[in-house]
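Secondary and tertiary structure notes
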Amino acid sequence: MLNLDHLISVFDNSLRTLLAPARSARPHPDTGVADTELGEAERALSAALMRVNHTGEICAQALYQGQALTARNINARAALKCAAAEETDHLAWTAQRVEELGGRVSVLNPLFYAGSFALGAMAGFAGDKWNLGFLAETERQVERHLATHLDRLPAQDGKSRAIVTGMMADEARHAQTAISHGGAELPRPLRQAMKLGSRIMTESTFRV
Ligand SMILES: [Fe+2]
Ligand SMILES: [Fe+2]
C-alpha cells in the first residue's frame, strides 16, 4: 500500500534526481581515456548526443523509482534496486561528460521524469510479470539506441564512446536480470508505442 512516507520519499528522490549532482559508485568508464581535442561541430554533436543520453538516464531513474513503489515481489524489488543504483552511475557519467563538452542538460528533463515515473508506476500496478517485462523491453531499446550513438559519435571522442560502451554493457545485464526474474514479452503494439515515446524524447532533447 502507498502511504505518506512513500510519497515523501518519491518527492525527495525526484528533486534529488533533477537538481542534485549524481555520484557514481563505480569509476567513470572514461577515466584514463585521452581527452582528444574536438572541432567545434564535433564537440557540439557529442554534447547533444550525451544530453540525449543524460535525459535517458533521468527517465531510467523515474521509471525505476515508479516501479519500486508499486512492485509486489520482494526479489523483483531487490533486483530493481540494484539496477537503479547502476542507473545512478550512468546519470553521473553522462552529466559530467555533457559538462566537459561545454553543453548543458535538457530543459525538458522534469517533463520526461514525470512521464517516465507515471509509466513505471503503471507497469508496477500491472503486476510483476508485466513490470519486469516492461523493464526488460526498455533496457533492450536503450541498448539498441546506445549502439546507434556509437555510430554517430565522432570517432575521436574516445571519452564519450567509453561511457556509452560502459552503459550498453549494464543495460544488457539489466534486461537479462528482468527476464530472469520472470519478465514477460510485451505485446507488439506496446513495444511500438514505447519506441515512439523514446523517439519523441531523443529527437526533442537532441535540440533542447
Ligand atoms: Fe542506464
Ligand atoms: Fe539500465
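Preceding this paragraph is the structure being described.
Computed from a predicted model, the values in this text were never measured in an experiment.

**Comments concerning the coordination of the iron ion (ligand 2)**
- Only Glu-87 (OE), Glu-139 (OE), Glu-139 (OE), Glu-171 (OE) and His-174 (ND1) from the protein coordinate the iron ion (ligand 2), and they sit 1.8 to 2.3 Å from it.
- Between the iron ion (ligand 2) and the iron ion (ligand 1), both coordinated by Glu-87, there is a metal-metal distance of 3.9 Å. Note that Glu-87 is positioned in helix H3 (residues 74–100) and Glu-139 in helix H5 (residues 128–152), a separation of 52 residues in sequence.
- A relative accessible area of 1% places Glu-87 in the buried class.

**Looking at the packing of helix H4 (residues 109–125) against H5**
- It is the contact of H4 with H5, at a shortest axis distance of 6 Å, that shows an interaxial angle of 140°. Taken as axis vectors, H4 and H5 run oblique relative to one another. Between H4, through Leu-119, Gly-120, Ala-123 and Gly-124, and H5, the contact on the second element is made entirely by Trp-130, Asn-131 and Phe-134.
- Along the lines of polarity and charge, the residues of the contact of H4 with H5 split into 4 nonpolar, 3 polar and no charged.

**Things to note about the packing of aromatic side chains**
- Scanning all chains against the criterion turns up 0 aromatic pairs.
- Sitting above the plane of the Phe-206 ring, Arg-152 keeps its charged end 5.2 Å from the centroid.

**Some remarks on the pattern of salt bridges**
- By the definition in use, this model includes 14 salt bridges.
- The residue Arg-173 makes a salt bridge to Asp-170 at a minimum N-O spacing of 2.4 Å. Here the residue Arg-173 and the residue Asp-170 both occupy positions in helix H6 (residues 158–180), the gap between them amounting to 3 residues, near one helical turn.
- Since its relative accessible area comes to 40%, Arg-173 is described here as partly exposed.
- What emerges from the salt-bridge pattern is a single network uniting Arg-26, Glu-86, Asp-89, Asp-170 and Arg-173.

**Some words on the coordination of the iron ion (ligand 1)**
- At the metal site, the iron ion (ligand 1) is ligated by Glu-57 (OE), Glu-57 (OE), Glu-87 (OE), His-90 (ND1) and Glu-171 (OE), and these contacts range over 2.0 to 2.4 Å.
- Each donor residue of the iron ion (ligand 1) belongs to the same chain, and together they define the spacing E-x29-E-x2-H-x80-E.

**What to know about the environment of Leu-91**
- By the secondary structure assignment, Leu-91 is in helix H3.
- Overall, the relative accessible area of 4% leaves Leu-91 in the buried class.
- Measuring from C-alpha to C-alpha, the distance between Leu-91 and Gln-61 comes to 8.4 Å, with 30 residues separating the pair along the chain.
- In this view, Leu-91 contacts Thr-17, Ala-22, His-54, Glu-57, Ile-58 and Gln-61; residues no more than four positions away in its chain are not counted.

What counts and how
Residues numbered from 1 in each chain as written. Chains lettered and ligands numbered in written order. Predicted model: local features only at pLDDT ≥ 70, side-chain atom pairs only at ≥ 80, totals over all residues. Heavy atoms only, no water. Donors = N, O, S within 2.8 Å, 3.2 Å for Na, K, Ca; no water. Helix = DSSP H or I, 4+ residues; strand = E, 2+ residues; numbered from the N terminus. Buried < 20%, exposed > 50% of the residue type's maximum accessible area, 1.4 Å probe, protein only. Axes fitted to C-alpha atoms, helices over the stretch in contact; angles between N-to-C directions. Parallel < 35°, antiparallel > 145°, perpendicular 65-115°, else oblique. Contact = heavy atoms within 4.5 Å. Nonpolar A, V, L, I, M, F, W, Y, C, P; charged D, E, K, R; others polar. Phe/Tyr/Trp six-rings, centres within 6.5 Å; stacked < 30°, edge-to-face > 60°. Lys NZ or Arg CZ within 6 Å of the ring centre and 35° of its normal. Salt bridge = Lys/Arg side-chain N within 4 Å of Asp/Glu carboxyl O.

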